[in-house]
Amino acid sequence: MMDVSGVGFPSKVPWKKMSAEELENQYCPSRWVVRLGAEEALRTYSQIGIEATTRARATRKSLLHVPYGDGEGEKVDIYFPDESSEALPFFLFFHGGYWQSGSKDESAFMVHPLTAQGVAVVIVAYGIAPKAHALCAGTLDHMVDQVTRSVAFVQKRYPSNKGIYLCGHSAGAHLAAMMLLADWTKHGVTPNLRGFFLVSGVFDLEPIVYTSQNVALQLTLEDAQRNSPQLKVAQAQPVDPTCRVLVVVGQFDSPEFHRQSWEFYQVLPVQTLCQGEWKASFEELHDVDHFEIVENLTQKDNVLTQIILKTIFQ
Ligand SMILES: Nc1ccccc1C(=O)C[C@H](N)C(=O)O
């Protein structure tokens, strides 16, 4: 790609100066893992996810494959703490995998430590790309709509919840962030959103259009812009004055992933004290890569697990 930004000023969009190869590299998280080779990192991630899910299903009270819509794959798994109350905080997780891989069946990482502290955990499935294109399934717009309906579903099913917390990883962080822009009036319910945990996310989708990820996604520039919370969130209506937004990125995430998180945090209508605006914070988590950041959520003493619990129970 040509550098048309002139010399002497740091570009606001550094990716536009990158070669195609460099851009590809920046948006391939597994290549930035230092503790393991790329393939081994992906394998380990999926293995830990499968083990955590198997354990969660074997040891926690759960409702599995609960439909939140009529479409194929519109299902959630709900894991409960021991108490029989429905007046619980609900933590919803949207898995990563560039909107084209991953599933709820290997993403129950945080179920054990969160349910042990009295949080219900909902692992959400959505129709990853590329899918049969009947009714636009597999498009990003469709995934955003599915995720919106999954949140509305939890609110309707558990109206006495003690807060709904949305957590997404990577592409899932994008989907969670899109919920800051959702129009709930269409869904007949206003979810009791109390927190967002956006982990190693992508919020400006334009660079993705120029990577190999777009072979399956088939995003046009317009699709990418329409689905970029980075471009839209400053004009969004705050959901609730007490809602917290935490943007987190791993130390070993690529520079582009760092930029994505930092710049998204910068455009959030941030306030720490004033009423009527979100309380946002940004954290770079020490000594973790794109995959460990979520793998470590299986551990109760992990920093991010503790941040999540403190946010829920503050
Ligand atoms: N499987 C994932 C799960 C979560 C987040 C990203 C991925 C990826 O695979 C990203 C990309 N394909 C990579 O090789 O890094």
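A brief look at the structure comes next. The structure displayed is predicted, hence computed values, not measured ones.

A few words now on the overall build of the chain. Along its length, the chain carries 11 helices and eight strands. Seen through its principal axes, the chain has C-alpha atoms that stretch 60 × 45 × 45 Å. For the chain, the proportion of its 314 residues judged to be buried stands at 54%. Of the contacts formed within the chain by residues at least 6 apart in sequence, a portion of 73% connects residues at least 24 apart. Total accessible area on the chain stands at roughly 13800 Å², and carbon and sulfur atoms take up 54% of it. Each charge class in the chain can be summarised by its mean position, and for the 26 positive and 35 negative side chains these summaries are 7 Å apart.

Once that is clear, we can look at the site of the ligand. Contacts to the ligand come from 13 residues, most closely from Pro29, Ser30, Leu42, Tyr45 and Gly97. In this structure, an oxygen atom belonging to the ligand sits 3.1 Å away from a main-chain N or O atom of Pro29. Contacts to the ligand include Ser30, whose backbone N or O atom sits 2.7 Å from an oxygen atom. Partitioning the shell around the ligand into residue classes produces six nonpolar, seven polar and no charged.

Let's shift gears to the nonpolar core. Core analysis: the largest hydrophobic core is formed by 62 residues, its most contacted members being Phe90, Leu92, Trp99, Leu166 and Leu198. It is helix α4 (residues 140-157) that provides the largest number of residues to this core, a total of eight residues. If sequence neighbours within four positions are ignored, Trp99 has contacts with Ile128, Ala129, Leu140, Met143, Ala171, His174, Leu175, Val202, Leu205, Ile208 and Leu217. Of all hydrophobic cores here, the second largest spans 31 residues; its members include Tyr45, Ala108, Ile308 and Leu309.

The element helix α5 (residues 171-178) is extensively covered by neighbouring structure, given that eight of its eight residues are classed as buried. Among all positions in α5, only Ala171, Gly172, Ala173, His174, Leu175, Ala176, Ala177 and Met178 are buried.

Its location among the elements puts Ser228 in the loop between α7 (221-226) and α8 (229-232). Of the polar contacts made by the side chain of Ser228, one reaches the backbone nitrogen of Leu205; its length is 2.9 Å. One polar contact links the side chain of Ser228 to the main-chain carbonyl oxygen of Ala224, over a distance of 2.6 Å. Among residues more than four places away in sequence, those in contact with Ser228 are Phe203, Asp204, Leu205 and Glu206.

Across the sheet, which stays open at both edges, the eight strands sit in the order β1-β2-β4-β3-β5-β6-β7-β8 with mixed pairing between neighbours. Two strands bound the open sheet, and with one partner strand each, they are β1 (61-67) and β8 (279-285). Neighbour to neighbour, the strand axes of the sheet diverge by 15° on average, direction disregarded. Note that strand β6 (residues 193-199) and strand β7 (residues 244-250) share five bridges and pair parallel. By the bridge assignment, Gly195 is partnered in β7 with Arg244. Docked against the sheet, α5 engages β3 (90-94), β5 (164-169) and β6, running at close to 145° with respect to β5.

Attention now moves to the state of the cysteines. Within this structure, the stated rule accounts for zero disulfides. Not engaged in a disulfide, the cysteine Cys167 finds its nearest cysteine sulfur in Cys243; these two sulfurs lie 13 Å apart.

On to unusual backbone geometry, then. The step from Ala129 to Pro130 runs through a cis peptide bond, and the omega angle for that step is -20°. Looking at the secondary structure, you find Pro130 in the loop between β4 (120-124) and α4. A positive phi angle is found at His65, which is not glycine, with a value near 55°. Looking at the secondary structure, you find His65 in strand β1. For Asp287, which is not a glycine, the phi torsion comes out positive at approximately 65°. Asp287 gets classed as partly exposed once you look at its relative accessible area, which sits at 46%.

Another point: the pattern of salt bridges. Side chains that differ in sign of charge can pair as their charged atoms come close. Under the definition given, this model contains 15 salt bridges. A salt bridge links Glu74 to Arg149; the shortest N-O distance between them is 2.8 Å. A residue pair is termed long-range when its members are at least 10 positions apart, and Glu74 in the loop between β1 and β2 (75-80) and Arg149 in helix α4 qualify at 75 residues. Among the ionic contacts, a cluster of salt bridges with common partners joins Arg35, Asp289, Glu292 and Glu295.

Before going further, it helps to spend a moment on the pairing of β6. Looking along a regular strand, one sees side chains alternate from face to face of the sheet. Counting buried positions over the seven residues of β6 gives six, a clear majority of the element. Here β5 pairs with β6 via six bridges, running parallel. Counterpart to Cys167 in the pairing with β6 is Phe197. In this region the chain leaves β5, passes through α5 and returns to the parallel neighbour β6; the handedness of that crossover is right-handed.

So, how was this worked out
- Residues numbered from 1 in each chain as written.
- Predicted model: local features only at pLDDT ≥ 70, side-chain atom pairs only at ≥ 80, totals over all residues.
- Heavy atoms only, no water.
- Helix = DSSP H or I, 4+ residues; strand = E, 2+ residues; numbered from the N terminus.
- Buried < 20%, exposed > 50% of the residue type's maximum accessible area, 1.4 Å probe, protein only.
- Contact = heavy atoms within 4.5 Å.
- Areas by Shrake-Rupley, 256 points an atom, 1.4 Å probe, with all protein chains shown as cover.
- Lys, Arg positive; Asp, Glu negative; His and termini not counted.
- Charge placed at Lys NZ, Arg CZ, Asp CG, Glu CD.
- Near = heavy atom within 4 Å.
- Polar contact = N/O pair within 3.5 Å; in protein donor to acceptor, adjacent residues only side chain to side chain.
- Nonpolar A, V, L, I, M, F, W, Y, C, P; charged D, E, K, R; others polar.
- Core = buried A, V, L, I, M, F, W, Y, C linked by side-chain atoms within 4.5 Å.
- Pairing = 2+ DSSP bridges.
- Axes fitted to C-alpha atoms, helices over the stretch in contact; angles between N-to-C directions.
- Disulfide = S-S within 2.5 Å.
- Salt bridge = Lys/Arg side-chain N within 4 Å of Asp/Glu carboxyl O.
- Right-handed = clockwise from strand over helix to strand, strands pointing away.

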